[in-house]
Amino acid sequence: VLDLYRIQPDVESPTTPSALAASVINTSDIELTWASAEDNVEVVGYTIYRDAAAITTVSGSTLSFIDTNLTPATTYQYSIDAFDVAGNRSPLSTSIEV
């Protein structure tokens, strides 16, 4: 199957990650979880955004992230996207406010 992609480049983006949810761990830590995206080859990673700025990238097999050292009593907005080995990116997930 991979030989086919060497002949024709992968131009298909992963699906949008879904079910983004947050749990407050304590006053300065929030855990994010989401359902995996799908791709015609392989999702190799996710980028997590806080207040529209990328804060980290995790592997394609990771479906959670703990954001630490946050300012107590502050509202943050999170979203994520998925990407494949060819660099194709999914649309951003629906954002959540925490």
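The residue numbering used here restarts from 1 in each chain and proceeds along that chain's sequence as written. Only residues with pLDDT of at least 70 are given local features in this predicted model, and only at 80 or more are side-chain atom pairs given and counted; all residues enter the totals for whole chains, interfaces and linings. With hydrogens and water stripped out, all remaining heavy atoms of the structure feed into the side-chain values.

With respect to the overall build of the protein chain
Using the following cut-off: Helix and strand definitions here come from DSSP, where helices need a minimum of 4 consecutive H or I residues and strands a minimum of 2 consecutive E residues; each element is numbered from the N-terminal end. Accessibility here uses a 1.4 Å probe with only protein chains present; expressed as a share of the type maximum, an area under 20% marks a residue as buried, one over 50% as exposed, and anything in between as partly exposed. What makes two residues a contact is simply this: any of their non-hydrogen atoms within 4.5 Å.
Tallying secondary structure elements over the protein chain gives 1 helix and 7 strands in all. Going from the N terminus to the C terminus, the protein chain shows its helices and strands as α-β-β-β-β-β-β-β. Overall, the C-alpha framework of the protein chain stretches about 55 × 20 × 20 Å when taken along its three principal axes. Expressed as a percentage of the 98 residues in the protein chain, the buried residues total 34%. Relative to all contacts within the protein chain whose residues are 6 or more apart in sequence, the contacts with residues 24 or more apart total 58%.

Some details on the nonpolar core
Stated precisely, the cut-off is as follows: Put simply, a nonpolar core is a bunch of buried Ala, Val, Leu, Ile, Met, Phe, Trp, Tyr and Cys residues held in one set by side-chain atoms that sit within 4.5 Å of each other.
In this structure, Leu20, Leu32, Trp34, Tyr46, Ile48 and Tyr78 are the most contacted members of the largest nonpolar core, which totals 16 residues. For this core, the secondary-structure elements that each account for two or more residues are strand 2 (29-35), strand 3 (43-50) and strand 6 (77-84). Leave out the neighbours within four places in its chain, and Leu20 touches Leu32, Thr33, Trp34, Tyr78, Ser79, Ile80, Ser93, Thr94 and Ile96.

Remarks on the pairing of strand 5 (residues 64-67)
Note the threshold: Strand pairing follows a simple DSSP-based rule, namely that at least 2 bridges must link the two strands.
Burial along strand 5 is one-sided: the residues Phe65 and Asp67 are buried and none of Ser64 and Ile66 is. In this structure, strand 2 lies alongside strand 5, joined through 4 bridges in antiparallel fashion. Opposite Leu32, over in strand 5, you have Phe65 as the bridge partner.

Focus on the sheet that holds strand 5
Within a sheet, adjacent strands bond to each other through the backbone by hydrogen bonds, running parallel or antiparallel. Here is the rule: Between N-to-C directions, angles span 0 to 180 degrees; the directions come from axes that are lines fitted to C-alpha atoms, helices contributing only their stretch in contact.
Ordered by their spatial adjacency, 3 strands build an open sheet running 1-2-5, and the pairing between neighbours is antiparallel. Edge positions in the sheet fall to strand 1 (18-26) and strand 5, since each of these pairs with one other strand and no more. Adjacent strand axes in the sheet meet at a mean angle of 20° when their direction is disregarded.

Side note on the environment of Glu12
Mapped onto the fold, Glu12 is located in the loop between helix 1 (2-7) and strand 1. On the accessibility criterion, Glu12 (44% relative accessible area) is partly exposed. When the C-alpha positions of Glu12 and Arg89 are compared, they lie 8.8 Å apart, and in sequence the two are 77 residues distant. In this view, Glu12 contacts Asp39, Asn40, Asp84 and Asn88; residues no more than four positions away in its chain are not counted.

Describing the sheet that holds strand 6
Pairing within the open sheet is antiparallel, and its 4 strands lie in the order 4-3-6-7. The open sheet is flanked by strand 4 (53-59) and strand 7 (96-97), the only strands paired with a single partner. Sheet analysis places strand 6 next to strand 7, joined by 2 bridges and oriented antiparallel. Within strand 7, the position partnered with Tyr78 by the bridge is Ile96.

Thoughts on the packing of aromatic side chains
Convention followed: Each Phe, Tyr or Trp ring, with Trp reduced to its six-membered ring, pairs with another whose centre is within 6.5 Å; inter-plane angles below 30 degrees give stacked pairs, above 60 give edge-to-face pairs, and intermediate values give tilted ones.
The final tally for this structure, using the stated rule, is 2 aromatic pairs. Centre to centre, the rings of Tyr76 and Tyr78 are 6.5 Å apart; their planes meet at 45°, and the pair counts as tilted. Residue Tyr76 is classed as buried on the basis of its relative accessible area of 9%.

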